[in-house]
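These are the residues of each chain, in order.
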Amino acid sequence: MNETNHNAELLNFIYQNSQMGVDTITQLLDIAADETFKKHLRAQLKEYRSIHDKAAQMLETNGFNEEGLSAFEKIRTYLMINFQTLNDDSTSHIAEMLMVGSNMGVIDAIKNIHKYQDKAEPDILELMEHLKKFEESNVERFKPYL
């Protein structure tokens, strides 16, 4: 596989991961009740959008196609969130869900950083590292709400 494909793969991972963050937080803002917690969600949404926009811009600059989440993935996520908050829409439960999602994001980011370390452009790896650090900070940010 050539370097261009590695760059496109990693950028699309970042693009999809941040899109999942935007979609999830947008949905949870309608469910969450605690205003202080919602302020954290809005800050998180802003950063996911920033990362998403940066990945989209880098894909375009490099002439790559954006591969967003499929309609199936979006519907599945929407239904999963509704199902998981059906019986428990407490701030604590939502914080736990977000922490689990962010931990999965950290694991995926580390795997991708290792996979593409010597294969992708440094600025793309840097954006992946930024997303990883953001996901790590999200885990810490929501601990007080458990």
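For the structure itself, look to the data block above.
Residues numbered from 1 in each chain as written. Predicted model: local features only at pLDDT ≥ 70, side-chain atom pairs only at ≥ 80, totals over all residues. Heavy atoms only, no water.

## A look at the overall build of the chain
Broken down by element type, the chain carries five helices and zero strands. Taking 15 Å as the expected radius of gyration for a compact globule of 146 residues, we find that the chain reaches 16 Å, a close match to that expectation. Along the first, second and third principal axes, the C-alpha atoms of the chain reach 50 × 30 × 20 Å. Each of the 146 residues in the chain was classed as buried or not, and the buried ones make up 45%. The averaged location of the 24 negative side-chain charges in the chain is 3 Å from the averaged location of its 15 positive side-chain charges. (Helix = DSSP H or I, 4+ residues; strand = E, 2+ residues; numbered from the N terminus. Rg over C-alpha atoms; globule rule 2.2 N^0.38 Å. Buried < 20%, exposed > 50% of the residue type's maximum accessible area, 1.4 Å probe, protein only. Lys, Arg positive; Asp, Glu negative; His and termini not counted. Charge placed at Lys NZ, Arg CZ, Asp CG, Glu CD.)

## Quick notes on the layout of surface pockets
The volume enclosed by the largest pocket comes to roughly 700 Å³. Contributing to the lining of the largest pocket are 28 residues, with Met20, Thr24, Met80, Gly101 and Met104 lying nearest its centre. Secondary-structure elements contributing two or more residues to the lining of the largest pocket are helix H1 (3–31), helix H2 (35–61), helix H3 (71–86) and helix H4 (91–116). Element by element, the count of residues in the lining of the largest pocket is highest for H4, at ten residues. Looking at the lining of the largest pocket, its residues break down into twelve nonpolar, eleven polar and five charged. (1 Å grid on protein atoms, 1.4 Å probe; cavity = no way out; pocket = protein on both sides within 12 Å on 5 of 7 lines; lining within 4 Å. Points joined across faces, edges and corners; volume = space filled by probe spheres on them. Nonpolar A, V, L, I, M, F, W, Y, C, P; charged D, E, K, R; others polar.)

## Description of the environment of Lys46
With respect to the helices and strands, Lys46 occurs in helix H2. Note: C-alpha distance between Lys46 and Ile25 (21 residues apart in sequence) is 9.8 Å.

## Examining the packing of aromatic side chains
Two descriptors summarise a pair of aromatic rings, namely the distance from one centre to the other and the angle between the planes of the rings. Counted under the stated rule, the structure contains four aromatic pairs. Between the aromatic rings of Phe37 and Tyr145, the centroid separation amounts to 4.9 Å while the plane-to-plane angle is 70°, which identifies the pairing as edge-to-face. Linking Phe37 in helix H2 with Tyr145 in the segment after helix H5 (122–142), this pair joins segments that are 108 residues apart in sequence. Of the two residues, Phe37 and Tyr145, both sit in the buried class. Through pairs of rings, three or more aromatic residues link up here, namely Phe37, Phe142 and Tyr145. (Phe/Tyr/Trp six-rings, centres within 6.5 Å; stacked < 30°, edge-to-face > 60°.)

## Structural notes on a nonpolar patch on the surface
A contiguous nonpolar patch, built from Ile75, Tyr78 and Leu79 and spanning about 320 Å² of accessible area, is present on the exposed surface. Along the polypeptide, Ile75 turns up in helix H3. (Patch = residues over 30% accessible without salt bridge, like charges linked within 9 Å, V, L, I, M, F, W, Y side chains within 5 Å. Areas by Shrake-Rupley, 256 points an atom, 1.4 Å probe, with all protein chains shown as cover. Salt bridge = Lys/Arg side-chain N within 4 Å of Asp/Glu carboxyl O.)

## Examining the pattern of salt bridges
By the definition in use, this model includes six salt bridges. The closest approach of N and O atoms between Glu35 and Arg42, which form a salt bridge, is 3.5 Å. Of the charged contacts, one joins Glu129 and Lys132 as a salt bridge, the two residues approaching to 3.3 Å between their closest N and O atoms. With Glu129 and Lys132 both in helix H5, this residue pair falls three residues apart, about one helical turn. Its relative accessible area of 24% is what places Glu129 among the partly exposed residues. Look at the salt bridges and you will find they share partners, linking Glu129, Lys132, Lys133 and Glu136 into a network.

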